[in-house]
Amino acid sequence: MVQAQVANSPAAVGSAVVILGDGTPVISASRSGTSIGIVVRGTLYVFDAGPGVLQRTFEARERMNLGIRELGPVFITHLHSDHTLGLPDLLFYPELGMQTGPIRHGRTAASLKVFGPPGLSAMMRHLAAAWAEDRVIRAQSPMAADNAVASRVNGASVNEISAGMVYADSNIAVTAFDVAHGDWTHALGYRIQAPDRVIVISGDTRPTEAIVAACNGCDLLLHSVHGAEGILSGTDEAYFRDFHTSAAQLGELASRANPKVLVLYHQAFAGRRPAELIAQVMSSFKGPVISARDLDVY
């Protein structure tokens, strides 16, 4: 099947999924660090916060007809740096620097809300400590914007979670499930019930039945993927086998999970082209397959 890329589509009714970063630890001008946004009724829910997430959020707000007005909670799959290096930006800056108006933190609170696996609280404490002097000086500043930054960081809400229902509001319900990501004790995927569809985000994982169970005919499955199978050997091959899912493995998994649309994201190409990854997936899975690009919208 020819790749059917759906990009720059407005969120007419219900939800829109925007790729805020398709990068891996290898990033580039066209691929920011891994992050997925889901927009419902003007609120942007962020899943993973790789480097560049704030810039891509601004670009999505200004260039896409998504109606982004507020930053909702942020959900972290695991604590690898390429999934978390954007957290300081989201912690300090979403209300600043927008010529078209600020992005607010939630409907009623000014603080960032972050959900993720055990260890997240310590990470967020260290981030706050790193800029402790900055916050003290800002809190004493006569500028309202400086005061807001200090208040937001001091009041950040951090929630360490495990598998199960972890969040719900009038827009979405989010269920976390365990995945298998190499040596990580805690790594999560997320199942999101939006008003119009079910969206599943794999996070980083080797093939796991948890994805099949979470999707089970879901509308949209976003799954990380690598193209290194058959190319690498030795310790490199062992790493990908233990930590990630190859395109061929993903095709077999998707044939059982049966999503209406499969989106390949967090793509480690290993010298392969997107079309090659799609072809490998479609050797087993016969549904629509899309290779994600930054700022694509589904």
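Residues numbered from 1 in each chain as written. Predicted model: local features only at pLDDT ≥ 70, side-chain atom pairs only at ≥ 80, totals over all residues. Heavy atoms only, no water.

1. Regarding the pattern of salt bridges
Going by this rule: Whenever Lys or Arg places a side-chain nitrogen within 4 Å of a carboxyl oxygen from Asp or Glu, that contact is recorded as a salt bridge. In this text, helices come from DSSP runs of H or I with a minimum length of four residues, and strands from runs of E with a minimum of two, each type numbered from the N-terminal end. Remark: exposure states derive from per-residue accessible area (1.4 Å probe, protein chains only) relative to the maximum for the residue type, with buried under 20%, exposed over 50%, and partly exposed in between.
A full pass over the atoms with the stated rule returns 10 salt bridges. Among the salt bridges present, the one from Glu252 reaches Arg256, with a minimum N-O distance of 2.8 Å. Here Glu252 pairs with Arg256, and both are found in helix H8 (residues 247-257), just four residues apart, close to one helical turn. Given a relative accessible area of 37%, Glu252 falls into the partly exposed group. On the basis of relative accessible area, Arg256 is assigned to the partly exposed category, the value being 37%. Salt bridges linked by common partners bring Arg56, Glu59, Arg63 and Asp294 together as one network.

2. Topic: the sheet that holds strand E10 (residues 188-193)
The cut-off we apply is this: Only when DSSP finds a minimum of two bridges between them are two strands counted as paired. The axes are straight lines fitted to the C-alpha atoms, using for helices just the contacting stretch, and the angles between their N-to-C directions are given from 0 to 180°. Residue contacts follow a heavy-atom distance rule, with two residues in contact if any of their heavy atoms lie within 4.5 Å.
The strand order across the open sheet built from seven strands is E8-E9-E10-E11-E12-E13-E14, with neighbouring strands paired in mixed fashion. Two strands bound the open sheet, and with one partner strand each, they are strand E8 (164-168) and strand E14 (289-291). Mean inter-strand twist for the sheet, computed between neighbouring axes without regard to direction, equals 25°. Two elements, strand E13 (residues 261-268) and E14, share three bridges in a ladder whose sense is parallel. By the bridge assignment for E14, Val263 is matched with Ile290. Sitting on the sheet, H8 touches strand E12 (220-226) and E13, and the angle it makes with E12 is about 160°. Packing of helix H9 (residues 274-281) onto the sheet brings it into contact with E12, E13 and E14, and relative to E13 it is tilted by some 130°.

3. Details of H8
All of the buried residues in H8 are Ala247, Leu250, Gly251, Leu253, Ala254 and Ala257. Each element contacted by the buried residues of H8 is listed here: helix H6 (209-215), E12, E13 and H9. Asn258 lies just past H8 and shows a positive phi near 60°.

4. Some details on the state of the cysteines
Each disulfide is one covalent bond, formed between the sulfur atoms of two cysteines. Put simply, the rule is: Pairs of cysteine sulfur atoms within 2.5 Å are what we label disulfides.
Scanning all chains against the criterion turns up one disulfide. The disulfide partner of Cys215 is Cys218, and the gap between their sulfur atoms is 2.2 Å. Of note, the bridge from Cys215 to Cys218 carries an S-S torsion of about -85° and is left-handed in sense. In this structure, Cys215 and Cys218 share a single accessibility class: buried.

5. A look at the pairing of E12
The following threshold applies: Crossovers are marked right-handed if the path from the first strand over the helix to the second runs clockwise, as seen with the strands pointing away from the viewer.
Among the seven residues of E12, seven are classified as buried, and the element is accordingly described as predominantly covered. Here E12 shows a buried face lined by Leu220, Leu222, Ser224 and His226 and a second buried face lined by Leu221, His223 and Val225. The sheet contact formed by strand E11 (residues 198-201) and E12 spans three bridges and is parallel. When the sheet's bridge partners are listed, Ile201 is paired in E12 with Leu222. For the crossover from E11 across H6 to E12, the handedness is right-handed.

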